[in-house]
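Coordinates in review
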Amino acid sequence: MASFNIVMPKLGESIQEGTITKWFVKEGDTIEEDDMLFEVATDKVDSEIPSPVDGVITKINYPEDSLVAVGEVLAVVSLDGEVEETATTSDAPAKAETAEASVDNSRKLSNRFYSPLVKTIAQEEDVSFDELESIEGSGVGGRVQKKDIMAYLENRDSSAAQPEAKKESKPAAPAAPVAEKKAAPPVSVGAGDTVVEMDRIRKLIADHMVMSKQVSPHVTSVVEADVTELVLWRNKNKDAFQKKYGDKITFMPIFTEAVAAALAEFPMVNSSVSGEKIVMKKDINVGIAVAKPDGNLIVPVIKNAEQRNLVGLTKELNRLADAARNNKLDPSDIQGGTFTITNFGSFGNIIGTPIINQPQVAILATGIIEKKPAVLETPSGDVIAIRHKMYLSLSYDHRIIDGALGGAFLRRIADHLEQFDTNRAI
Ligand code: CO6
C-alpha cells in the first residue's frame, strides 16, 4: 500500500513550529486533492492547509491544540484507499514515502507539500530537490503548483547559458548559532498586582524581538526630512485620487516608493546574513508593520515594491493593511520581506529605535509629519517659514552595515521624499 505523509509546513522564513487549531478531517475520511485538511496557527498568521493528494486518512498523529515542529508528520494518507490494511498492517510505516523522498532520496525532510503532478514534472525535467525548494509557490500556503514549476522551467531554459545563476539559487549555509537566552530576573507579585498571561502571538513576538537583538548588533541613525512639497501634493490630490482609483492615498505609499528606490541604489541594505556570507536579495520586498486591533503586530509584505507605481503601492498597502486587521492575510502575504517600514507616526510618535525584522538587516521608522518653523535660504537672504517636517530613523545590522552606508542610505530616502515631483499627475 502506498501512503503519503502530511507534514507540518513551513509558513514563513523564520517560523519553526505551528499549532494545529482545527482538523477538518478524521481518520477514515476519503479526501481529494485540495480538500482542506487542517488549520494551523503560527506566530505570524493562521492558515488552512489543503491536501496535496487524493486518498484516505489512515492516521492522525497530533490532536487539536498540539504545537508541532515544522517537518513533523501530522497525518498519513493512503494513496490507494486501503483503509483497513493500512490501519492494521504493521509494516505500513516502512512503506510510507514522503513527496520529497521521491524527488531526491538523499533528502528525507521537506517543509513543503509537493503534489504528485509537480513531483512527476520535477522528475521528468530533472529538477533537483534544491531547485524545487527554491521555487516560489503561488498556491495556498505557498504551495508549488503546476503553473509555478512550468514558469520556473521556462525561465531555467532561457537562462541555461548562465550556470552561475542556478548555482546562486541554492540555499546559503545556515545562520551561525544564536547565543543562549539569558534568564530574566525574578519578579515579585504584590497584593493588588494583576498578572496577565501572554497570548500565543505575544509570546512569539517577544521571542522574536529577543532573538533579533541577540543576532544583530543594532545601531540607529536619524535624519530630518522637509516633506512640505509631498504633503501639499497629497492634500491637493487625495480626493481626486480616491475618486479615480477607489483607494485612499496616505503617506505610506510615498514612503514605500522612496524606500524601494533607495534599496535599488543600495543593494547591500536589501540583504540577509547567512553564517559568514551576505545574501543580497534580487527582489525588493518591503514589509509594512501593521498594528492589529488585538494589540499585536504583523508585517505583510509588498512584493517587488520598486516595480510598482504609486497607485499600485497604494492599492497593495490598503489590501494588506485591511487583510491584516481582519485576520485575512494569506501566508504568502507575509513571506519574502527584505526590508521593513514601521510608521509610528500613525500614533503621533516622532523618533524611535525599531528592532530589525530577522533575517533582514535594516528597518525604517517614519515619525509624524509636523509643521515646524524652519530657516530657509532664499536669494534675498534667510527667512523663517512654516514647513512640514518629519524624522526618519533607521536601525541596521552593524555586522554588515557601517555608519557611512547606513547613513547614506537613510539620507537617500530623505532626498527622495524631499525631491518628490509635485507635478506628478495622478
Ligand atoms: N505623519 C503624519 N500623518 C500620518 C502619518 C505620519 N507619519 N502616518 C499616518 N498619518 C495619517 C494618514 O495620512 C491618515 O491621515 P488622512 O489621510 O488625512 O486621514 C491618518 O494618519 C491615518 O493613517 P493610517 O494609519 O490609517 O494609514 P497609513 O497608510 O498612514 O498607515 C499602517 C498604514 C498600516 C502603517 C498604519 O495603519 C499602522 O498600523 N501603523 C502602526 C504601525 C506600528 O504599530 N508600528 C510599530 C510601531 S512600534 O516600531 C516600533 C520603534 C518601535 C517602538
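Computed from a predicted structure; not experimentally measured.

For the protein, the count of helices and strands is 12 helices and 19 strands. Taking all 426 residues of the protein together, 45% fall into the buried category. Restricting the contact set of the protein to residue pairs at least 6 apart, pairs at least 24 apart contribute 64%. With an accessible surface of roughly 22,100 Å², the protein has 52% of that area assigned to carbon and sulfur atoms.

Here we take up the packing of aromatic side chains. Applying the stated criterion across every chain, the model contains six aromatic pairs. Aromatic pair Trp23 and Phe38: ring centres 5.2 Å apart, planes at 55 degrees, arrangement tilted. Linking Trp23 in strand E2 (residues 17-23) with Phe38 in strand E4 (residues 36-41), this pair joins segments that are 15 residues apart in sequence. Overall, Trp23 belongs to the buried group, its relative accessible area being 11%. Judged by its relative accessible area of 0%, Phe38 is buried. Among the aromatic residues, ring-to-ring pairing joins Phe266, Phe339 and Phe409 into one connected group.

This paragraph deals with the confidence of the model for the protein. Residues at a pLDDT of 70 or more form 83% of the protein, whose mean pLDDT is 85. Counting interchain partners and residues more than four positions distant, the pLDDT-below-50 stretch residues 83-110 has 42 contacts. Taken as a whole, residues 159-170 scores under 50 in pLDDT and shows three contacts with residues more than four places along the chain or in a different chain.

With antiparallel pairing, four strands are arranged side by side in an open sheet as E1-E8-E6-E3. Two strands lie at the open edges of the sheet, namely strand E1 (3-7) and strand E3 (30-31), each paired on one side alone.

Now for unusual backbone geometry. Pro359 follows Gln358 through a cis peptide bond whose omega is 5 degrees. The phi dihedral of Asp65 is positive, around 75 degrees, even though this residue is not glycine. For Asp65, the position within the fold is in the loop between strand E6 (55-60) and strand E7 (67-69). Of note, the phi angle at Asn327 is positive, near 55 degrees, even though the residue is not glycine. Considering the arrangement of structural elements, one finds Asn327 in the loop between helix H11 (310-325) and strand E16 (339-342).

The subject of this paragraph is the site of the ligand. What surrounds the ligand is a group of 24 residues, the closest being Arg234, Lys248, Thr250, Arg325 and Thr342. Contacts to the ligand include Thr250, whose side-chain N or O atom sits 2.5 Å from an oxygen atom. At 3.1 Å, a side-chain N or O of Ser346 approaches a nitrogen atom of the ligand. Computed on the free molecule, the ligand has an accessible area of 1,000 Å², of which 73% lies beneath the protein chains in the complex. Among the elements of the structure, helix H9 (228-245), strand E13 (290-291) and H11 are those that each provide at least two residues to the shell around the ligand. Taken together, the residues of the shell around the ligand sort by class into 13 nonpolar, seven polar and four charged.

A cluster of nonpolar side chains, contributed by Val222, Ile350 and Ile351, occupies part of the molecular surface with about 230 Å² of accessible area. Note that Val222 resides in strand E9 (residues 218-226). Look at Val222 and you get partly exposed, because its relative accessible area is 41%.

Turning next to the pairing of strand E19 (residues 381-397). The pairing of E9 with E19 spans nine bridges and is classified as antiparallel. Across the sheet, Ser221 pairs through a bridge with Leu394, a residue of E19. Where strand E17 (residues 362-366) meets E19, five bridges bridge the pair, whose relative direction is antiparallel. Residue Ala362 lies in a different strand from E19, and its bridge partner there is Tyr396.

Cut-off values and rules
Residues numbered from 1 in each chain as written. Predicted model: local features only at pLDDT ≥ 70, side-chain atom pairs only at ≥ 80, totals over all residues. Heavy atoms only, no water. Helix = DSSP H or I, 4+ residues; strand = E, 2+ residues; numbered from the N terminus. Buried < 20%, exposed > 50% of the residue type's maximum accessible area, 1.4 Å probe, protein only. Contact = heavy atoms within 4.5 Å. Areas by Shrake-Rupley, 256 points an atom, 1.4 Å probe, with all protein chains shown as cover. Phe/Tyr/Trp six-rings, centres within 6.5 Å; stacked < 30°, edge-to-face > 60°. pLDDT = per-residue confidence, 0-100. Pairing = 2+ DSSP bridges. Near = heavy atom within 4 Å. Polar contact = N/O pair within 3.5 Å; in protein donor to acceptor, adjacent residues only side chain to side chain. Nonpolar A, V, L, I, M, F, W, Y, C, P; charged D, E, K, R; others polar. Patch = residues over 30% accessible without salt bridge, like charges linked within 9 Å, V, L, I, M, F, W, Y side chains within 5 Å. Salt bridge = Lys/Arg side-chain N within 4 Å of Asp/Glu carboxyl O.

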